[in-house]
Amino acid sequence: SHFPLAGSTIFLLPVAAGVPEAAAGLHWLTFAAVLTTVARLSKNIGAGRWSWMAAILLGGTWHAPWMASIAGADHLVVLGVVVAAELWTAPAESGQRPWVAAGVALGLALSSKYTAAVPVAALLIAAFALCRPRREAIGAGAMALAMSSFWWVRNAATVGNPFHPLLWNWIGGGGWTAEDYA
């Protein structure tokens, strides 16, 4: 496949090892990590002692637990973006924010699904606008691109389109025809 597969790979490793039940456990573990991180994020942005409500509200929506029960790379996209947001909003230790860790988290999101580019870009724009020094936001973006570059470079080298099969009508690419695109 030419789609980013880091998320699928993480969840398929237990299947390849003969323990498919563990893959389902990883989905639920990712959901729990998202809920925990959302609570920390809400505390960072001023919810104080009510920060736990963010996790309860997210977990209480019907589609959040449903999504946690099915296979998909979306889990890691959400986790990567929420972890990066929590890192950006956490109190700076010794005047520095963990921009490398934020970049790694965003790179995980980008290497899991193409559509992660939207929330990743939004978070990087917010970090660039709100965080000082701005070079940390730029560094996190560069780290995210470096972490996910395998897919872009591989697709560019193998079919001539880093986003294959997306943007085919503009960039083109081998192994894909106008009939496939339609």
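This text follows the structure it describes.
This is a predicted model, so every value here is computed, not measured.

Asks: Please clarify how the nonpolar core should be interpreted in this entry.
Replies: Taken as a class, soluble globular proteins show a tendency for nonpolar side chains to be buried jointly. Counting residues in hydrophobic clusters, the biggest one holds 21 residues, and the most contacted among them are W88, L106, V120 and L123. Of all elements in the fold, only α5 (74–89), α6 (99–110), α7 (117–130) and α8 (135–159) reach the threshold of two or more residues within this core. With six residues, α5 is the single largest residue contributor to this core. If sequence neighbours within four positions are ignored, L106 has contacts with G80, V81, A84, V120, L123, L124 and A144.

Asks: Would you explain the packing of α5 against α6 in this entry?
Replies: Each pair of packed helices can be summarised by the angle the axes make with each other and by the distance between the axes. Where α5 contacts α6, the axes come no closer than 7 Å and their chain directions differ by 165°. Between α5 and α6, the interaxial angle falls into the category roughly antiparallel. Judged by the twist between their axes, the crossing of α5 over α6 is left-handed. Facing L76, V77, G80, V81, V83, A84, L87 and W88 of α5, the residues of α6 in contact are W99, A101, A102, A105, L106, L108 and A109. In terms of residue class, the contact of α5 with α6 is built from 14 nonpolar, one polar and no charged.

Asks: Explain the pattern of salt bridges here, please?
Replies: Opposite charge on two side chains lets them pair, provided their charged atoms get close. Within this structure, the stated rule accounts for two salt bridges. Its salt-bridge partner being R40, residue E86 comes within 3.4 Å of it at the nearest N-O pair. One end of the pair, E86, is in helix α5; the other, R40, is in helix α2 (residues 20–47), with 46 residues separating them in the sequence. Here E86 falls in the buried class, since its relative accessible area comes to 7%. For the salt bridge of D74 with K113, the shortest nitrogen-to-oxygen distance reads 2.8 Å.

Asks: I would appreciate a short explanation of α6 in the present structure.
Replies: A turn of α-helix holds 3.6 residues, and therefore any two residues three or four places apart point the same way. The end-to-end C-alpha distance of α6, which contains 12 residues, comes to 16 Å, matching closely the 16 Å that a straight helix rising 1.5 Å per residue would cover. Structurally, α6 contributes buried residues whose contacts are with α5, α7 and α8.

Asks: Can you help me understand α2 in this one?
Replies: With 28 residues, α2 ought to run about 40 Å at 1.5 Å a step, and its terminal C-alpha atoms sit 38 Å apart, in line with that. Within α2, burial applies to A23, H27, T30, F31, V34, L35, T37, V38, A39, L41 and S42. Here the buried face of α2 lies against α1 (6–16), α3 (52–60), α4 (63–68) and α5. The positive-phi residue at the C-terminal boundary of α2 is G48, with phi of around 60°.

Asks: Which parts of the structure should I look at to understand the side chain of S112?
Replies: In this structure, S112 sits in the loop between α6 and α7. One polar contact links the side chain of S112 to the main-chain carbonyl oxygen of L108, over a distance of 2.7 Å.

Asks: Any chance you could explain the packing of aromatic side chains here in plain terms?
Replies: Each aromatic ring pair is specified by the distance between its two centres and by the angle formed by the two planes. This structure, assessed with the given rule, holds four aromatic pairs. Judged by centre distance (5.4 Å) and plane angle (35°), the ring pair of Y114 and W152 falls under tilted. Separated by 38 residues along the polypeptide, Y114 in the loop between α6 and α7 and W152 in helix α8 bring together distant segments of the chain. Accessibility assignment for this pair places Y114 and W152 in one class, buried. The ring of F128 is capped by R134, whose NZ or CZ atom sits 4.9 Å from the centre of that ring.

Asks: Before we go on, may I ask you to explain the side chain of S51 in this structure?
Replies: Tracing the backbone through its elements, the reader meets S51 in the loop between α2 and α3. Taking relative accessible area as the criterion, S51 reaches 11% and is therefore assigned buried. If sequence neighbours within four positions are ignored, S51 has contacts with A39, S42 and K43.

What counts and how
- Residues numbered from 1 in each chain as written.
- Predicted model: local features only at pLDDT ≥ 70, side-chain atom pairs only at ≥ 80, totals over all residues.
- Heavy atoms only, no water.
- Core = buried A, V, L, I, M, F, W, Y, C linked by side-chain atoms within 4.5 Å.
- Buried < 20%, exposed > 50% of the residue type's maximum accessible area, 1.4 Å probe, protein only.
- Helix = DSSP H or I, 4+ residues; strand = E, 2+ residues; numbered from the N terminus.
- Contact = heavy atoms within 4.5 Å.
- Axes fitted to C-alpha atoms, helices over the stretch in contact; angles between N-to-C directions.
- Parallel < 35°, antiparallel > 145°, perpendicular 65-115°, else oblique.
- Left-handed = near helix turned anticlockwise from the far one by under 90°.
- Nonpolar A, V, L, I, M, F, W, Y, C, P; charged D, E, K, R; others polar.
- Salt bridge = Lys/Arg side-chain N within 4 Å of Asp/Glu carboxyl O.
- Expected span 1.5 Å × (residues − 1).
- Polar contact = N/O pair within 3.5 Å; in protein donor to acceptor, adjacent residues only side chain to side chain.
- Phe/Tyr/Trp six-rings, centres within 6.5 Å; stacked < 30°, edge-to-face > 60°.
- Lys NZ or Arg CZ within 6 Å of the ring centre and 35° of its normal.

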